[in-house]
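So the chains spell out like this:
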Amino acid sequence: MAKKKGEIRRRNVEKILLVAEQVFAEKGYAGASMGEIAQLADIPKSNVHYYFATKEDLYREVLLGLLEVWKQDALCFELYDDPRIVLSSYIRAKMAHSRDRAYGSKVWAAEVMQGAPILQEQLRDNLYEWAKLKEAKIREWIDDGRILPVEPSYLLYMIWASTQHYADFNYQICLLNDDRPLDDLQFEKAVQSVTSVILRGIGLTP
């Protein structure tokens, strides 16, 4: 019985968080309401408040969940040592989540552009250290002559900007694609294009 209840809780929380991503992305934090989130998730509002006491609690959990997604995307930095494999894998993972979790990317962008009023401390404690570890790996590749010299932080910024553009500006992309989202073949070409530009820029062949 306890196991069944735990599974129900997990599914409900997962559904609420995904719906909350959409509502926060479309309405902003101020415009979002727990009632609308409950309605779209098809879960009683009282149950949503059972899992998340306040809107700020829910918003914070959405952001922390996204932070974990971004960290998972970068596990290739720990699993592999070849810069071509690491960066190709990282770009593909980031692109995939720009397509599958576009709402989440927009919520994250909005929070950061406002100076991270909700997640400021977590970003200072977690994101900074996480990014410095990735920069250290890139610096090792440079010192070993495996890639062309480049400021590691700027390389990461370029990857983030190039990949998250497909989520944060998806309306513009659809508009310029005859009012249609990119199909699977177009999206694969986009992944390959971003990967090629980044790798060639640091002296690697895709």
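Higher on the page you've got the structure.
Below: a short report on this structure. Values in this document were obtained by computation on a predicted structure and should not be read as measured data.

Conventions used here
- Residues numbered from 1 in each chain as written.
- Predicted model: local features only at pLDDT ≥ 70, side-chain atom pairs only at ≥ 80, totals over all residues.
- Heavy atoms only, no water.
- Salt bridge = Lys/Arg side-chain N within 4 Å of Asp/Glu carboxyl O.
- Buried < 20%, exposed > 50% of the residue type's maximum accessible area, 1.4 Å probe, protein only.
- Helix = DSSP H or I, 4+ residues; strand = E, 2+ residues; numbered from the N terminus.
- Core = buried A, V, L, I, M, F, W, Y, C linked by side-chain atoms within 4.5 Å.
- Contact = heavy atoms within 4.5 Å.
- Patch = residues over 30% accessible without salt bridge, like charges linked within 9 Å, V, L, I, M, F, W, Y side chains within 5 Å.
- Areas by Shrake-Rupley, 256 points an atom, 1.4 Å probe, with all protein chains shown as cover.
- Expected span 1.5 Å × (residues − 1).
- Polar contact = N/O pair within 3.5 Å; in protein donor to acceptor, adjacent residues only side chain to side chain.
- Phe/Tyr/Trp six-rings, centres within 6.5 Å; stacked < 30°, edge-to-face > 60°.
- Lys NZ or Arg CZ within 6 Å of the ring centre and 35° of its normal.

## Topic: the pattern of salt bridges
And then number 1: Evaluation of the coordinates by the stated rule reveals 12 salt bridges.
And then number 2: With a closest N to O distance of 2.9 Å, Lys27 and Glu36 form a salt bridge.
And then number 3: Accessibility expressed as a relative area gives 22% for Glu36, which makes it partly exposed.
And then number 4: Across the pair Glu68 and Lys71 runs a salt bridge, and its minimum N-O distance is 3.9 Å. In this pair, Glu68 and Lys71 are both assigned in helix H4 (residues 55-73), 3 residues apart and thus about one turn of the helix distant.
And then number 5: Taking the relative accessible area as the measure of exposure, Glu68 reaches 40% and is therefore partly exposed.
And then number 6: Connected via shared salt-bridge partners are Asp81, Lys137 and Arg146.

## Some thoughts on the nonpolar core
And then number 1: Membership of the largest hydrophobic core comes to 29 residues, with the highest contact counts inside it found for Ile16, Phe24, Ile37, Leu58 and Trp108.
And then number 2: Those elements that place two or more of their residues in this core are helix H1 (2-31), helix H2 (34-41), helix H3 (45-51), H4 and helix H7 (102-113).
And then number 3: Element by element, the count of residues in this core is highest for H4, at 8 residues.
And then number 4: Apart from residues no more than four positions distant in its own chain, Phe24 is found in contact with Tyr29, Ala32, Ile37, Lys55, Leu58, Tyr59, Val62 and Val107.
And then number 5: Leu156, Ile173, Val191 and Ile202 belong to the second largest nonpolar core, which has 28 residues in total.

## A few points about a nonpolar patch on the surface
And then number 1: Residues Leu75, Leu79, Tyr80 and Ile85 make up a contiguous nonpolar surface patch of about 370 Å² in total accessible area.
And then number 2: Along the chain, the position of Tyr80 falls in the loop between helix H5 (76-79) and helix H6 (83-100).

## A short note on helix H11 (residues 184-201)
In an α-helix there are 3.6 residues to a turn, and that puts residues three or four apart on one side.
And then number 1: Across its 18 residues, H11 extends 26 Å between first and last C-alpha, which sits within 8% of the 26 Å expected from 1.5 Å per residue.
And then number 2: Those residues of H11 that fall on the buried side of the exposure criterion are Phe187, Ala190, Val191, Val194, Thr195, Ser196, Ile198 and Leu199.
And then number 3: Of the surrounding secondary structure, the elements contacted by the buried residues of H11 are H6 and helix H9 (152-168).
And then number 4: A distance of 3.1 Å separates the backbone nitrogen of Leu185 from a side-chain oxygen at the start of H11, and that oxygen is part of Asp183.
And then number 5: Positive backbone phi, approximately 85°, marks Gly203, located one or two places after H11.

## Describing the packing of aromatic side chains
And then number 1: Taken as a whole, this structure holds 11 aromatic pairs when the rule is applied.
And then number 2: Plain terms: the ring middles of Phe77 and Trp141 are 6.2 Å apart, the flat faces sit at 20° to each other, and that makes the pair stacked. With Phe77 in helix H5 and Trp141 in helix H8 (residues 120-143), this pair connects stretches of sequence that are 64 residues apart. Trp141 carries the same exposure label as Phe77, and that label is buried.
And then number 3: On the basis of an interplanar angle of 45° and a centroid distance of 6.1 Å, the ring pair of Tyr154 and Tyr157 is categorised as tilted. Of this pair, Tyr154 and Tyr157 both sit in helix H9, separated by 3 residues, roughly a single helical turn.
And then number 4: Of the aromatic side chains, those joined through ring pairs into one cluster are Trp130, Tyr154, Tyr157 and Trp160.
And then number 5: When the ring centre of Phe187 is taken as reference, the NZ or CZ atom of Arg99 above it lies at 4.7 Å.

Read these as spatial facts, not as claims about activity.
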